[in-house]
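Summary of structural features
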Amino acid sequence: MATKVHMEALSPTMEEGQVVKWLKAEGDAVSHGEILAEIETDKATMELVARGDGVLRKILLGEGGTAPVGEVIAIITGADEEVGDLPVAGEGETAERSPDGKAESEETGREEEGPEEAPGDEAPAAGGVAEEEEPAEKEPAGVQEGERVKASPLARRLAQEGKLELSTIEGTGPGGRVVRRDVEAAVDAGRKAEAEVAAPPPSRARAAVDGPEFEDVPLTQMRKTIARRLVESLGPVPHFFLRITVDMSRILEARERVNRLLEDGDGRISINDFILKATASSLARHPEVNSHWNGDSIRRFSRVHLGVAVATEEGLITPVIRDAHVKGLVEISAEIRELAARGKEKKLQPEEYTGSTFSVSNLGMFGIHEFTGVINPPEAGIVAVGGIEETPVVLEGQVVVRPLMKVTMSCDHRVIDGATGARFLETLKEMLEEPATALL
Amino acid sequence: MAEITYREALNQALAEELERDDSVFLMGEEVAEYDGAYKVSKGLLDRFGDLRVVDSPISELGFAGLGVGAAMVGLRPIIEFMTFNFSLLALDQIINSAAKMLYMTGGQINIPIVFRGPSGAALQLGAQHSQAAETWYVHVPGLKVVAPATPADAKGLMKAAIRDDDPVIFLESELLYNVRGEVPDGDHVVPLGLADVKREGGDVSIIAHGKTVHLALQAAKRLEKDGIEAEVLDLRSLRPLDVDAILATVRKTNRVVYVEEGWPYLGMGAQIAATIQEEAFDDLDAPVLRVTQADVPMPYAKNLEKLAKPNAERVIAACKQVLYRT
């Protein structure tokens, strides 16, 4: 039994990959899930793992070599097996790619009636990129590739609305088609079960991540007109900019006190961590800003996945702090430090730099006074943070020196109007000038 | 509100419009002296004279063309085909002249004409005289097509068709002429392009037009005994089509059976099924099924003709199929 090793789609947009390094040599024993090679994608260096057990019999693409996704780049065989007349690289055999690089959607669920096969004979985990060379009619056990759950369009929609996995519902229509009555029965069964187990009251933090992830707000005629007119006037994303000056005295004091408490050299909280925390908390209070432009609707997120621009030698990458609105300062600090470090080494996984709902870019540490960021579509805005500068200001008739910081927000005018953005910035300013407001 | 026959309803509509508007006239084979082959124009010659109610020679292409010409210079002709089987002889005038004149004159000359007569199979008239004409005409942009099922709709739609400024194909039926029903008093006009829910129900939608509306109602009544509430939507107008009404009933019941007396291949049901899957895909719990005439020329033999036509049993079976009840 031989297993072909394919060039896999390791990022959502990857079309070809380059072998940076083989971690196994020809003749080495390999087992399922073990790392075979490091592959450079268009985004990062990723690990390619074995999809079968045996011996790495033949490497078909050397280090530095490039191959399109789907091409066979090595062959794993049993211990005593020879490669024989197995097909070699370049034959153009293309494996299936799933668009997100993950296993197919819920529709490819495991089917209970699927025949169980020999233990250890595991199916490919990632979109069927490897295939077992087996005697004819034998199917790999578990996930049956291409097996789609048959369901009426209505049943499909109702299941989605009820957040039910279609594959878990028994279909009573012709050929096992899942139809309306099946989904309704499943929903009823779920409700009964729920009623029997009295759920404990959710904590505040849980509530913030348990509710619906977003709400799609249909476009009003006015909103459509605003969108069309603005696009006519300026680029595909009609930017406008709002700038606010923040007095950072209290944050500087707070940082000093917090870091004294932490007493840990590595775990020190930076000004940027405070800014991220304050931005996330402000976004949670302003879902109209924490939004995506979907073309025919605006998606308002109830959870904050904060993209943080990080400079690397080769360019910009934006790792994402998930559910930043419910994370504490220490957690945010540790997470962004770790993500940024791996980003600089190009070691981020695709899911770590996609899916942000809003972004922050900070060039303060480069001595930039103030700047404007370019929105990362479909997000509706980005906050650009400048450096803190000792600035003379007039307070109660006296000239005093205060540490001021300029924050500039770029807004997609199709989603955010001036006053909407201004209200968000007001909240952000409050949180930074009076950190205690974050506790409210 | 008086109960009258479909034939009387049409006769009333013709008389009222002839009375109301001097530019309206009726022409066709035997419409005057003989009162019409199916007596739809009974008494009209006596009442309006032979300039308004005109017997034509047996020449469909000729008198259809006369009608189009009269319409071009401002009259409002009603052209009767003894049956729509004979309208095939006049296709060039209907499709190439009547339907396209407004377009080809850049909007200068409209054709306010009604082509009317019975369509579809009656009883044992043979393959050449037993065909449903709607699909041939509904295909053509520039034509409006209506097929009323009840006396009230027949009267109201006829008045709307005569008053309409575009050519209207008005499909009647030999088997409907004696159907009785209540018709509102006064100037009863049913606008073109509006469907009508003939029976409310929440489990399955039976959509039909013309004669098959009655089949749908029969089927719905029998389904009631099995606890199935069928909604019957009568399209009335095939073009323009009341898409909103179709989508509304789909969203209500999630299941559709289309019943028509024509052939299945690219029939009206094909258009309806296409519209539904385009516009209401996520509301469907089952494929749209069609009940039609068998895909053969209509047999003359009585037993075979019966088998070839759509019937209530087949409508009931189709409804149970889309309800996943067997």
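Residues numbered from 1 in each chain as written. Chains lettered and ligands numbered in written order. Predicted model: local features only at pLDDT ≥ 70, side-chain atom pairs only at ≥ 80, totals over all residues.

**Remarks on the nonpolar core**
Judged by nonpolar contacts, the single largest core of 111 residues is most densely connected at Ile 206, Ala 216, Val 257, Val 315 and Cys 319 of chain B. Met 248, Ile 321, Ala 324 and Met 431 of chain A belong to the second-largest nonpolar core, a separate cluster that totals 74 residues. (Core = buried A, V, L, I, M, F, W, Y, C linked by C-beta atoms within 7 Å. Buried ≥ 20, exposed ≤ 12 C-beta atoms within 10 Å, placed from the backbone.)

**Let's talk about unusual backbone geometry**
A cis amide bond, omega 0°, links Pro 377 of chain A with the succeeding residue Pro 378 of chain A. Along the chain, Pro 378 of chain A turns up in the loop between strand 17 (358–362) and strand 18 (381–395). A cis amide bond links Arg 239 of chain B to the next residue, Pro 240 of chain B, at an omega of 0°. Turning to its location among the elements, Pro 240 of chain B is positioned in the loop between strand 12 (237–239) and helix 9 (243–253). The phi dihedral of Glu 396 of chain A falls on the positive side, at around 50°, and the residue is not glycine. Residue position: Glu 396 of chain A is located in the loop between strand 18 and strand 19 (398–412). (Helix = DSSP H or I, 4+ residues; strand = E, 2+ residues; numbered from the N terminus.)

**Quick look at the sheet that holds strand 2 (residues 24–28) of chain B**
All names here are of chain B. Strand order in this open sheet of seven strands is 3-2-4-5-7-6-12, and the pairing throughout is mixed. The open sheet has two edge strands, strand 3 (53–55) and strand 12, and neither has a second partner. Along the sheet, successive strands turn relative to each other by an average axial angle of 20°, direction set aside. In terms of strand pairing, strand 6 (residues 144–146) meets strand 12 through two bridges, oriented antiparallel. Across the sheet, residue Val 146 finds its bridge partner in strand 12, namely Ser 237. (Pairing = 2+ DSSP bridges. Axes fitted to C-alpha atoms, helices over the stretch in contact; angles between N-to-C directions.)

**Side note on the sheet that holds strand 11 (residues 230–234) of chain B**
All names here are of chain B. The sheet built from five strands is open, its strands ordered 9-11-10-13-14 with mixed pairing. Two strands bound the open sheet, and with one partner strand each, they are strand 9 (196–199) and strand 14 (289–291). On average, each strand axis in the sheet is tilted by 25° relative to the strand beside it, whichever way the strands run. As paired strands, strand 9 and strand 11 are joined by three bridges and run antiparallel to one another. Opposite Val 197, over in strand 11, you have Leu 233 as the bridge partner.

**Considerations on the environment of Ala 195 of chain B**
All names here are of chain B. Examined against the element boundaries, Ala 195 turns out to sit in the loop between strand 8 (180–183) and strand 9. Judged by C-beta crowding, with 21 C-beta atoms within 10 Å, Ala 195 ranks as buried. Between the C-alpha atom of Ala 195 and that of Asp 244, which follows or precedes it by 49 residues, the distance is 9.0 Å. Apart from residues lying up to four places away in sequence, Ala 195 is in contact with Leu 233, Asp 234, Leu 235, Arg 236, Asp 242, Ala 245 and Ile 246. (Contact = placed C-beta atoms within 7 Å.)

**Quick word on the interface of chain B and chain A**
Put simply, an interface is often sized by how much accessible area is lost when its parts join up. Tallying the contact residues gives eight residues for chain B and nine residues for chain A. A breakdown of the residues in the side of chain B that touches chain A according to their chemical character gives four nonpolar, one polar and three charged. (Nonpolar A, V, L, I, M, F, W, Y, C, P; charged D, E, K, R; others polar.)

**With respect to helix 3 (residues 60–72) of chain B**
All names here are of chain B. Helix length check: helix 3, at 13 residues, gives a terminal C-alpha distance of 18 Å against a target of 18 Å (1.5 Å per residue), a fit within 8%. When we look at burial in helix 3, the residues that qualify are Glu 60, Phe 63, Ala 64, Gly 67, Val 68 and Ala 71. Down the axis of helix 3, the sector holding all buried residues measures 150°, keeping them to one side. Residues of helix 3 that are buried make contact with strand 2, strand 4 (76–80) and helix 4 (91–98). Note on helix 3: the residue one or two positions beyond its end, Gly 74, has a positive phi of about 110°. (Expected span 1.5 Å × (residues − 1). Arc of directions from axis to C-beta.)

**Quick notes on the packing of helix 6 (residues 271–285) of chain A against helix 7 (residues 329–344) of chain A**
All names here are of chain A. Where helix 6 meets helix 7, the axes come as close as 9 Å, and the angle between the chain directions of the two elements is 115°. The handedness of the crossing between helix 6 and helix 7 comes out as right-handed. Where helix 6 approaches helix 7, its residues Asp 273, Phe 274, Leu 276 and Lys 277 are matched on the opposing element by Leu 329, Ile 332, Ser 333 and Ile 336. In terms of residue class, the contact of helix 6 with helix 7 is built from five nonpolar, one polar and two charged. (Left-handed = near helix turned anticlockwise from the far one by under 90°.)

**A few points about the confidence of the model for chain B**
Per-residue confidence for chain B gives a mean pLDDT of 97; residues scoring 70 or more make up 100%. With a pTM of 0.53, the predicted complex shows an ipTM of 0.73. (pLDDT = per-residue confidence, 0-100.)

**What about helix 8 (residues 418–433) of chain A?**
Residues and elements named next belong to chain A. In a regular helix each residue adds 1.5 Å, so 16 residues correspond to 22 Å; helix 8 covers 22 Å between its end C-alpha atoms and thus fits that length. Taken together, the buried positions of helix 8 are occupied by Gly 421, Phe 424, Leu 425, Thr 427, Leu 428, Met 431 and Leu 432. For helix 8, the angular spread of the buried residues around the axis is 155°, confining them to a single face. In helix 8, the exposed positions that point more than 90 degrees away from the buried face belong to Gly 418 and Ala 419. Looking at the buried positions of helix 8, the neighbouring elements they touch are strand 10 (239–247), helix 5 (249–262), helix 6, strand 18 and strand 19.

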